Amino acid sequence: MQLAALAAFAISAEAVSQGFNYGNMFADDSSKFQADFEEEFKVAKTLVGTSGFTSARLYTMIQAYSTNDVIQAIPAAIAQDTTLLLGLWASGGGMDNELAALKTAISTYGEEFGKLVVGISVGSEDLYRNSVEGVEADAGVGVNPDDLVSYIKEVRSIIAGTSLADAPIGHVDTWDSWTNSSNSAVVEAVDWLGFDGYPFFQSTMANSISDAKELFLESVEKTKSVAGDKEVWITETGWPVSGDSEGEAIASIENAKIYWDEVGCPLFGNTNTWWYLLQDASPTTPNPSFGIVGSTLSTTPLFDLSCNSTSSASSSAAVSSATASGSSSGHSGSKPSGFPAGATGAGAAGAKPTFTAGRGGYNGTAYGNGTFSVRPSGSASGVGATSSGAVSGSGSGSSSGSSSGSSSSSGTSASSGQGSSSSSAAAAASSSGVYTGAANGLASSLSGAVVAVFVALAAL
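Keep in mind that what you see is a predicted model, and the values were worked out from it rather than measured.

> Which residues make up the overall build of the chain, and what values go with them?
Secondary structure summary: the chain contains 13 helices and eight strands in total. When the 460 residues of the chain are sorted by exposure, 58% land in the buried category. Within the chain, residue pairs in contact and separated by at least 24 positions form 73% of the contacts whose partners lie at least 6 positions apart. In the form shown here, the chain has an accessible surface area of approximately 16,400 Å², with 53% of it arising from carbon and sulfur atoms.

Now the structure itself:
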């Protein structure tokens, strides 16, 4: 069987999940409600040219614009018999609300909820955002590995003896976060490792569509190298159908189809995979846009989703070859494998989604704790032009790097809450906007006061 080439990171066919990522908002920041989620789940299951997309990965347990109400994707999933990879947004200080919503969901929906849950992800790309690369890319507030381990333990305690008792717990991050030895405690704490990878954003290396499959496979192999006997799940990947280019990567429907064929088809039915993304162009279109369905939610996709047996077999053979070569090709081959030789800098991980344009705020705000319309969270492109988060507002604390407030970049993202950084550089970077903003504000206030004095004197 040719698809056995994926055996290195495949799991038993009867347990395989296949679906899309879903945020709790549309691209214009408006909330999704149960009816909206139900429509999306129905379309995913009946897409022309394919089948089996019956699972949904969520980023948060919280309904948009609420403190800790349960996200309405859960009753929608029950109604549509859609399995769930639950997500708890860990960055920004809102974990207490995530845990409260998790408890409420368990008590409210019981067994009919529990039987649909294939796993629980505690956090999404928090380690990447907490890294030097993440700070350089303005990726937003992250979480220290020890805090993440603590959250994982809390979730285990909460689900013990409930309908979710058997749900495996994992974390989602980029390959270079997983392979960073300072994060090894997280690897030890989870049951599975979630992999987010976007060759499109790996702009510090050859990242044209012809390079994409190899970049993806090498990144997965690096993740597997630290996973031991734990499964690696593909939690986010995709190629944009429109938008600006990144390095040699061109966003187009044609290239999205190639990526689907060469990367997606060998995965579907063999490895737990949640594609990025069903739809992100409603009611506005983000840049870049990854949705395989256009502005109108329809079962007719933008490109042919059928997995041609010939192309799938060819792709599987390539997967086998790349897997057999392991990670060594990244250091000595003609093509870099995840990061340039001798460097671990920006551009390595290629992560970016976890939300779509239009995020209103992060944890700790009333905007739904980090889910929003998904858009790759965290960019390792090193360019910063499409950064998915900017930390600003008022800051308190010192080395903990806590910051709060809300800041948006072209309406695409905002961060608030509290984030701890393991390095003083990260803390300084995340708080620099605070000091700059405060200084500018003070200067403006003093200038205004001086003018007021002169006006008063003139009046006398």
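Read on, since the account is not over.
> For the environment of Glu 246, give the residues involved together with the corresponding values.
Residue position: Glu 246 is located in the loop between strand S7 (231-236) and helix H10 (253-267). Here Glu 246 falls in the buried class, since its relative accessible area comes to 7%. Each C-alpha atom, one on Glu 246 and one on Thr 204, is 9.2 Å from the other, the two residues being 42 residues apart in sequence.

> Outline the packing of helix H9 (residues 209-227) against H10, listing residues and values.
Axis separation between H9 and H10 bottoms out at 9 Å; the angle between their running directions is 25°. Taken together, the axes of H9 and H10 are roughly parallel relative to one another. Crossing geometry of H9 relative to H10 is assigned as right-handed. Here Ile 209, Ala 212, Lys 213 and Phe 216 of H9 come into contact with H10, specifically with Asn 255, Ile 258, Tyr 259, Glu 262, Val 263 and Leu 267. Counted by class, the contact of H9 with H10 contains seven nonpolar, one polar and two charged residues.

> Explain the packing of helix H3 (residues 95-114) against helix H6 (residues 145-159) residue by residue, including any values.
In the contact formed by H3 and H6, the axes pass within 11 Å of each other and the chain directions differ by 20°. When the interaxial angle is binned, H3 and H6 end up roughly parallel. The chirality of how H3 crosses H6 is right-handed. Taking contact as the criterion, the partners of Met 95, Leu 99, Leu 102, Lys 103 and Ile 106 in H3 are, on H6, Tyr 151, Glu 154, Val 155, Ile 158 and Ile 159. Counted by class, the contact of H3 with H6 contains eight nonpolar, no polar and two charged residues.

> Explain the packing of aromatic side chains to me, and be specific about the residues and the numbers.
Counting across every chain of the model gives 21 aromatic pairs. For the cation-ring pair, Lys 32 lies above Phe 26, with the distance from its terminal atom to the ring centre recorded as 5.6 Å.

> Give a detailed account of the nonpolar core, specifying residues and quantitative values.
Within the largest apolar cluster, 85 residues are counted, with the highest numbers of intra-cluster contacts made by Leu 86, Leu 102, Ile 120, Leu 164 and Ile 292. Every residue in contact with Leu 164, bar those within four places of it in the chain, is listed here: Leu 86, Leu 102, Ile 106, Phe 113, Gly 114, Val 117, Ile 120 and Ile 159. Ranked by size, the runner-up nonpolar core spans five residues in total, among them Val 172, Trp 192, Trp 233 and Trp 274.

> Talk me through unusual backbone geometry; I want residue IDs and the actual numbers.
Geometrically, the link from Ser 282 to Pro 283 is a cis peptide bond, its omega value of -5° lying close to zero. A cis amide bond, omega 0°, links Asn 287 with the succeeding residue Pro 288. You can see Pro 288 is positioned in the loop between strand S8 (273-275) and helix H11 (309-325). One non-glycine residue, Asp 81, adopts positive backbone phi at about 55°. Counting through the fold element by element, Asp 81 comes out in the loop between helix H2 (73-80) and strand S3 (83-88). In this structure Asp 81 comes out as exposed when scored by relative accessible area, which is 53%. The phi dihedral of Asp 138 falls on the positive side, at around 55°, and the residue is not glycine. As for its placement among the helices and strands, Asp 138 is situated in the loop between helix H5 (132-136) and H6.

> Give a description of H2 that names residues and reports values.
Among the eight residues that make up H2, six are buried, leaving the element largely enclosed by the rest of the structure. Every buried residue belonging to H2 is among Ala 73, Ile 74, Pro 75, Ala 76, Ala 77 and Gln 80, and all of these are buried. Note on H2: the residue one or two positions beyond its end, Asp 81, has a positive phi of about 55°.

> Run through the state of the cysteines, naming residues and quoting values.
A full pass over the atoms with the stated rule returns one disulfide. A disulfide bridge connects Cys 265 with Cys 307, and the sulfur atoms are separated by 2.0 Å. Judged by the torsion about the S-S bond (-85°), the Cys 265/Cys 307 disulfide is left-handed. Remark: Cys 307 occurs in the loop between S8 and H11 and Cys 265 occurs in helix H10; sequence separation between them is 42 residues. Residue Cys 265 is classed as buried on the basis of its relative accessible area, which comes to 5%.

> Explain H10 to me, using residue names and the numbers behind them.
Structurally, the α-helix is built with 3.6 residues per turn, so residues lying three or four positions apart point the same way. With 15 residues, H10 extends 20 Å between its outermost C-alpha atoms, agreeing within 8% with the 21 Å of an ideal straight helix rising 1.5 Å per residue. Within H10, the axis deviates most sharply at Asp 261, by approximately 35°. Among the 15 residues in H10, eleven count as buried, and that is most of the element. Where H10 terminates, the next one or two residues include Gly 269, which has phi positive at roughly 85°.

> With reference to specific residues and values, describe the pattern of salt bridges.
By the definition in use, this model includes six salt bridges. Between Lys 32 and Glu 40 there is a salt bridge, with its nearest N and O atoms 3.0 Å apart. The salt bridge involving Asp 191 is made with Arg 156; its shortest N-O contact spans 3.1 Å. With Asp 191 in the loop between helix H8 (184-189) and strand S6 (192-196) and Arg 156 in helix H6, the pair connects residues that are 35 residues apart, well separated along the chain. Residue Asp 191 is classed as partly exposed on the basis of its relative accessible area, which comes to 34%. Note on Arg 156: relative accessible area 32%, which makes it partly exposed.

> Describe the confidence of the model for the chain, and please don't skip the residues or the numbers.
The pLDDT averaged across the chain works out to 75; a share of 64% of its residues lies at or above 70. Within the model, pLDDT remains below 50 along residues 1-13, and this stretch shows 27 contacts once partners closer than five positions in the same chain are excluded. Considering only residues more than four positions removed or in separate chains, one finds that residues 355-455, a stretch of pLDDT under 50, has 264 contacts.

Calculation notes
- Residues numbered from 1 in each chain as written.
- Predicted model: local features only at pLDDT ≥ 70, side-chain atom pairs only at ≥ 80, totals over all residues.
- Heavy atoms only, no water.
- Helix = DSSP H or I, 4+ residues; strand = E, 2+ residues; numbered from the N terminus.
- Buried < 20%, exposed > 50% of the residue type's maximum accessible area, 1.4 Å probe, protein only.
- Contact = heavy atoms within 4.5 Å.
- Areas by Shrake-Rupley, 256 points an atom, 1.4 Å probe, with all protein chains shown as cover.
- Axes fitted to C-alpha atoms, helices over the stretch in contact; angles between N-to-C directions.
- Parallel < 35°, antiparallel > 145°, perpendicular 65-115°, else oblique.
- Left-handed = near helix turned anticlockwise from the far one by under 90°.
- Nonpolar A, V, L, I, M, F, W, Y, C, P; charged D, E, K, R; others polar.
- Phe/Tyr/Trp six-rings, centres within 6.5 Å; stacked < 30°, edge-to-face > 60°.
- Lys NZ or Arg CZ within 6 Å of the ring centre and 35° of its normal.
- Core = buried A, V, L, I, M, F, W, Y, C linked by side-chain atoms within 4.5 Å.
- Disulfide = S-S within 2.5 Å.
- Expected span 1.5 Å × (residues − 1).
- Bend = angle between axes of the 7 residues up to and from the residue.
- Salt bridge = Lys/Arg side-chain N within 4 Å of Asp/Glu carboxyl O.
- pLDDT = per-residue confidence, 0-100.

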